[in-house]
Amino acid sequence: MRFTEKIIKAIRDSFDTLLFFATMAVKEDFCNHIKRAGAIDKHPDGKMLILGNGPSLREQMPRLIEAKAWQKGDIMAVNFFATSEEFTVLKPKYYVLSDPQFFREAGCSDRVRDMYKALAEKVSWSMILYVQYYNPEKFDYAKAVGDNPNIRIVRFHTTLFRGFRNVEFWCYRRGLGSGNFGTVVQNGEFIAMQLGYRTIELYGVDHTLLEGLMVDDNNRLCRTQSHYYDSSPAEPKPIFVNATNPPRPYTMASYLAETAELFRGHEVLAEYARTEGIRIINRTKGSMIDAYEREA
C-alpha cells in the first residue's frame, strides 16, 4: 500500500472509529449485557452448538438427537426453531433473534406470532433469549413470550464497528460492537464468544445465498429460499430489505453487496476467534462459508 493510500485509510479509519463511539453513545450504551447476565450452567467442555436455518439441518437433526448433542455441548437456536418438533427435544439454553421482523410492526406476521407463542408455551427449562438492544418501537419481548418465568431476556449490541482493527477487537473483548454482519448466526457466534465458550460448532449454516436468484417480469429480485423447517417446496419470492415500511425490494447490486459484507463478517469473526484462542468449526455439509475450519 502506497504512502498516500495509508494516509487516506488512516483518516477514514479515524473517522469511522469516532463515528462508532458516537453512535454507541446516542443509540445504545457501553455495557456488556451478555457478560453481565452470564451463562446458564455452562457446559464443562466449553462447547456451544449453534443451529442455523439451512435445509442441511434436516439431514443433521436426526444424528444430533441420536447422539444426544445436548450432552456434548450447550445448544443455541435462532429465529423460528421454536416452532419445530425438535425444539422440546433439544431444549436449547440460548436463543437469538436479530431480524427486524421480530420487533417491528412492519415485519409482524402470523409466523412471528406463532414463534413467540411457542416460546411462551413450550419453554419449561432455563433459557436466555438474546434480542437487539436497538428497539425503536419499544417492542415488549417479555409480553410476547407470555412473561414466561423460565425465559430471561438479555440485550446485545448491534452497531457494526468500522475503523481500526485493533480498536475493533478491543471493543469486542468488552462486549461492544457486534457480530451483526447480516445473519443471526453471526450474532450467535459473537454471543458464544462473549460467554466464554472455547469451541463453537455450526450446524445448518448453508449460506447458499446465490442459489435460486432470479428477476421476475416486474424487475423484482426474487429468490427461492429453503429452510429446514419448511414443509412444502419453496417458490421464488421477491426479497425485501429488513422489513422496511413500506417494503423496499433489493436490487441485484444491493443484494450482492450485502451478501459480500456477510461473508466478510465471517472472516472478521474467524480472525477475532483466533486471537482469543477460540475454535469455530463449520459442520455444515455444502456450506458456502470458507472462513472457518470444516469437519463433517
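Residues numbered from 1 in each chain as written. Predicted model: local features only at pLDDT ≥ 70, side-chain atom pairs only at ≥ 80, totals over all residues. Heavy atoms only, no water.

Caption draft 1: The arrangement of the pattern of salt bridges in detail. As enumerated under the stated definition, the model contains 15 salt bridges in all. Asp110 serves as the salt-bridge partner of Arg113, at 3.0 Å between the closest nitrogen and oxygen. Of this pair, Arg113 and Asp110 are both found in helix H5 (residues 110–122), 3 residues apart, which corresponds to roughly one turn of the helix. Of the residues examined, Arg113 reaches a relative accessible area of 44% and is grouped as partly exposed. Between Arg165 and Glu168 there is a salt bridge, with the nearest N and O atoms lying 2.7 Å from each other. Taken together, the residues span about one helical turn, with Arg165 and Glu168 both in helix H7 (residues 165–173) at a distance of 3 residues. Look at Arg165 and you get partly exposed, because its relative accessible area is 31%. Taking the relative accessible area as the measure of exposure, Glu168 reaches 4% and is therefore buried. Beyond isolated ion pairs, a larger network of salt bridges with shared partners links Lys47, Glu201, Arg279, Arg283, Glu293 and Glu295. (Salt bridge = Lys/Arg side-chain N within 4 Å of Asp/Glu carboxyl O. Helix = DSSP H or I, 4+ residues; strand = E, 2+ residues; numbered from the N terminus. Buried < 20%, exposed > 50% of the residue type's maximum accessible area, 1.4 Å probe, protein only.)

Caption draft 2: A look at H5. Under the 1.5 Å per step criterion, the end-to-end length of H5 is 18 Å for 13 residues, consistent within 8% with the ideal 18 Å. Residues Val112, Met115, Tyr116, Ala118 and Leu119 constitute the buried set of H5. Buried residues of H5 fall within an arc of 150 degrees about the axis and therefore sit on the same side. Of the exposed residues in H5, those oriented more than 90 degrees away from the buried face are Asp110 and Glu121. Lining the buried residues of H5 we find helix H4 (87–90), strand E3 (94–96), strand E4 (127–132), helix H6 (141–144) and strand E5 (151–156). (Expected span 1.5 Å × (residues − 1). Arc of directions from axis to C-beta. Contact = heavy atoms within 4.5 Å.)

Caption draft 3: How the structure looks around the sheet that holds E4. With respect to topology, 8 strands assemble into an open sheet ordered E5-E4-E3-E2-E1-E6-E10-E11, the strand pairing being parallel. In this open sheet, the two edge strands, each paired with only one partner strand, are E5 and strand E11 (293–294). Bridge count for strand E6 (residues 199–203) against strand E10 (residues 279–282) is 4 bridges, and the pairing is parallel. Counterpart to Thr199 in the pairing with E10 is Arg279. The sheet contacts of helix H8 (residues 184–194) involve strand E1 (47–51), strand E2 (74–78), E3, E4, E5, E6 and E10, and relative to E6 the element is tilted by about 160 degrees. (Pairing = 2+ DSSP bridges. Axes fitted to C-alpha atoms, helices over the stretch in contact; angles between N-to-C directions.)

Caption draft 4: Region of the structure containing the nonpolar core. Of all hydrophobic cores here, the largest spans 36 residues; its most connected members are Tyr94 and Tyr130. In terms of residue count, H8 provides more of this core than any other element does, 6 residues in total. Residues contacting Tyr94, with those up to four places away along its chain left out, are Ala39, Ile40, Met48, Asp74, Ile75, Met76, Ala77, Ile128, Tyr130, Leu195 and Tyr197. (Core = buried A, V, L, I, M, F, W, Y, C linked by side-chain atoms within 4.5 Å.)

Caption draft 5: Focus on a nonpolar patch on the surface. Judged by side-chain polarity, Leu210, Val215, Met252 and Leu256 come together as a nonpolar surface patch covering roughly 340 Å² of accessible area. Here Val215 lies in strand E7 (residues 213–215). Given the relative accessible area of 41%, Val215 is considered partly exposed. (Patch = residues over 30% accessible without salt bridge, like charges linked within 9 Å, V, L, I, M, F, W, Y side chains within 5 Å. Areas by Shrake-Rupley, 256 points an atom, 1.4 Å probe, with all protein chains shown as cover.)

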